[in-house]
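# Inside the fold
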Amino acid sequence: MSYFRIILLVLVVSGLSSCDWLREKLKSRPSSKAGLHLFEHVESSAPEVASIGEFKIFPEEIRDSQLLAFAEEKREIEFALLYAQFVSFAQDTPKEFVVLGKNFERDFKSILNQYGIPQKDISVKFSNASNPASAVSVDGRTVTMVDANQEHYLLGSVNTKIYRRRRELIYQKVKDHFLNLEAKKHNISSEEFLNKQVFKEMPQTISEDELKAFIQKKGMDPSKREIAKAQWLSETKQKSTNYYLEKYVLPLPIRLYFPKPNYTVKSELPWTPHHRSQNQQLEVVVFSDTQSSASVSVLSQLKSILEKYPKDVDLLYRPISSETNIMQNIVIQGLLCVWLQEPQKFWTYLPEIIGDNKDQSEQILMEKAKTHLSSVDQLRRCLIDKKAEALMKYHLDYARYLGIKAGPVVYVGGEVWYGNVTGESLERLIREHLGYPDAGLW
């Protein structure tokens, strides 16, 4: 071997030595393109709440983190919160609540704090009544668990938050544990390990266009550029850490020894706009109006979701509206007419007519029908058809029966998401449930 080749070889080897162990992991670790399942639910009477490999997490390790995982006898407190949250949101007026059951004053107040409900807006009276069927009395109305079943999306929403909070705490403990193990292999601290190995090749700056898009996406003040940059850097580091650990370190999956939410609603095909997939791996039900910005964000994404996951996602759209919102009800009846007449064109037509168009609803329906539907006259006749009107009323009544008065409310794989749901967050949930790797986003 020539002297030049020896020098070149030495240079190459020395250049890689600082992270050759990482490259070995890259080679030996199987690709995660086929799906990255972080969590696996295991039905077991194991004393731990989670485990990954030989590492176990026990209930007392997360007890002090405001987990809010309640015993069965405390369910009335959950529903009291749900009803308080719902009434406060819908009417924006102070309400008085008499909580029946055991004395759970401390727990109830901690729930209010956890979910950001101002205590000054809610007057709470606690009672030691032992009737387990009664949950809360609001303005003279006694709310029972029967009502809770009718408005179970609220219970599902809080239980989903509790479930997610529990997973988040467990995942953080897992990350900390295995990050420390990796750092000890190199006799450095976890912070040094992150800086030298994980953040080393991570982008440290953001372009002007990317920063502008980031600020818009987060709904931040455009004048707070430095704050936005700091938040972007923090989120990028978090994602880089998650991605590295999930793909190259953690012996996945993380086994969870507690059930996940399993809330469902009626499908009622063929009267409900829907897409049935070949594999039927995941059901997504969207309750939404057609005017609010949050609902428009979700509805605008549905066509894209079906194009990306046509074989795996069952998608159902359930409209919601008030009886007094005449223009929105015209749009909803028009959508149902399109579903009955040309269902194959429904998901393409839907994003074209949503938005806060107020008095132009019927005009927009007809204009878009010219380019998307086979017959404008057929749609026009359907809009004055009593059967189509009755179908619309049925859908709206069903949403009201469930207690859904504002949207979007989204059911994804048994979880219920209500409030702060966007098209982006919905797709992220779908990718998670399907097991798609998402660069440490979850």
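Bear in mind the structure is a predicted one, so any value in this text is a computation, not a measurement. (Residues numbered from 1 in each chain as written. Predicted model: local features only at pLDDT ≥ 70, side-chain atom pairs only at ≥ 80, totals over all residues. Heavy atoms only, no water.)

Turning next to the nonpolar core. Counting residues in hydrophobic clusters, the biggest one holds 40 residues, and the most contacted among them are Val284, Val286, Leu302, Tyr349, Leu426 and Ile430. Beyond its immediate sequence surroundings of up to four residues, Ile430 is in contact with Leu282, Val284, Ile305, Tyr309 and Val313. Counting residues in hydrophobic clusters, the runner-up holds 30 residues, among them Ile52, Met202, Leu245 and Leu256. (Core = buried A, V, L, I, M, F, W, Y, C linked by side-chain atoms within 4.5 Å. Buried < 20%, exposed > 50% of the residue type's maximum accessible area, 1.4 Å probe, protein only. Contact = heavy atoms within 4.5 Å.)

The subject of this paragraph is the pattern of salt bridges. Think of it this way: side chains of opposite charge can pair up when their charged atoms draw near. One pass over the full model with this rule turns up 17 salt bridges. Residue Glu415 is joined to Arg164 by a salt bridge in which the shortest nitrogen-to-oxygen separation is 2.9 Å. One end of the pair, Glu415, is in strand E13 (residues 415–418); the other, Arg164, is in helix H6 (residues 152–185), and 251 residues separate them in sequence. Exposure remark for Glu415: the relative accessible area of 3% places this residue in the buried category. (Salt bridge = Lys/Arg side-chain N within 4 Å of Asp/Glu carboxyl O. Helix = DSSP H or I, 4+ residues; strand = E, 2+ residues; numbered from the N terminus.)

The next point concerns the packing of helix H11 (residues 326–341) against helix H12 (residues 346–353). The geometry of H11 relative to H12 is characterised by a closest axis approach of 10 Å and an angle of 165° between their N-to-C directions. The orientation of H11 with respect to H12, classified from their angle, is roughly antiparallel. For the pair H11 and H12, the crossing hand works out as right-handed. Only Phe346, Tyr349, Leu350 and Ile353 of H12 make contact with H11, whose side of the interface consists of Val331, Leu335, Val338 and Trp339. (Axes fitted to C-alpha atoms, helices over the stretch in contact; angles between N-to-C directions. Parallel < 35°, antiparallel > 145°, perpendicular 65-115°, else oblique. Left-handed = near helix turned anticlockwise from the far one by under 90°.)

A separate point is the sheet that holds strand E10 (residues 282–288). Pairing is mixed across the open sheet formed by 5 strands, whose spatial order is E9-E11-E10-E12-E13. Each edge of the open sheet is held by one strand with a lone partner, namely strand E9 (274–275) and E13. Bridging between E10 and strand E11 (residues 313–319) involves 7 bridges; their strand directions are parallel. If you follow Leu282 over to E11, its bridge partner there is Val313. Lying on the sheet, helix H10 (residues 293–308) is in contact with E9, E10 and E11; it crosses E10 at an angle near 150°. Contacts from helix H16 (residues 423–434) reach E10, E11, strand E12 (409–412) and E13 within the one sheet, and its direction differs from that of E10 by about 160°. (Pairing = 2+ DSSP bridges.)

Attention now moves to the confidence of the model for the chain. On average, the chain scores 74 in pLDDT, and the residues at 70 or more come to 68%. Scored below 50 in pLDDT, residues 64–76 shows 30 contacts in the model against residues more than four places distant or in partner chains. In this model, residues 126–150 is a region of pLDDT below 50 whose contacts with residues beyond four sequence positions or in other chains number 60 contacts. (pLDDT = per-residue confidence, 0-100.)

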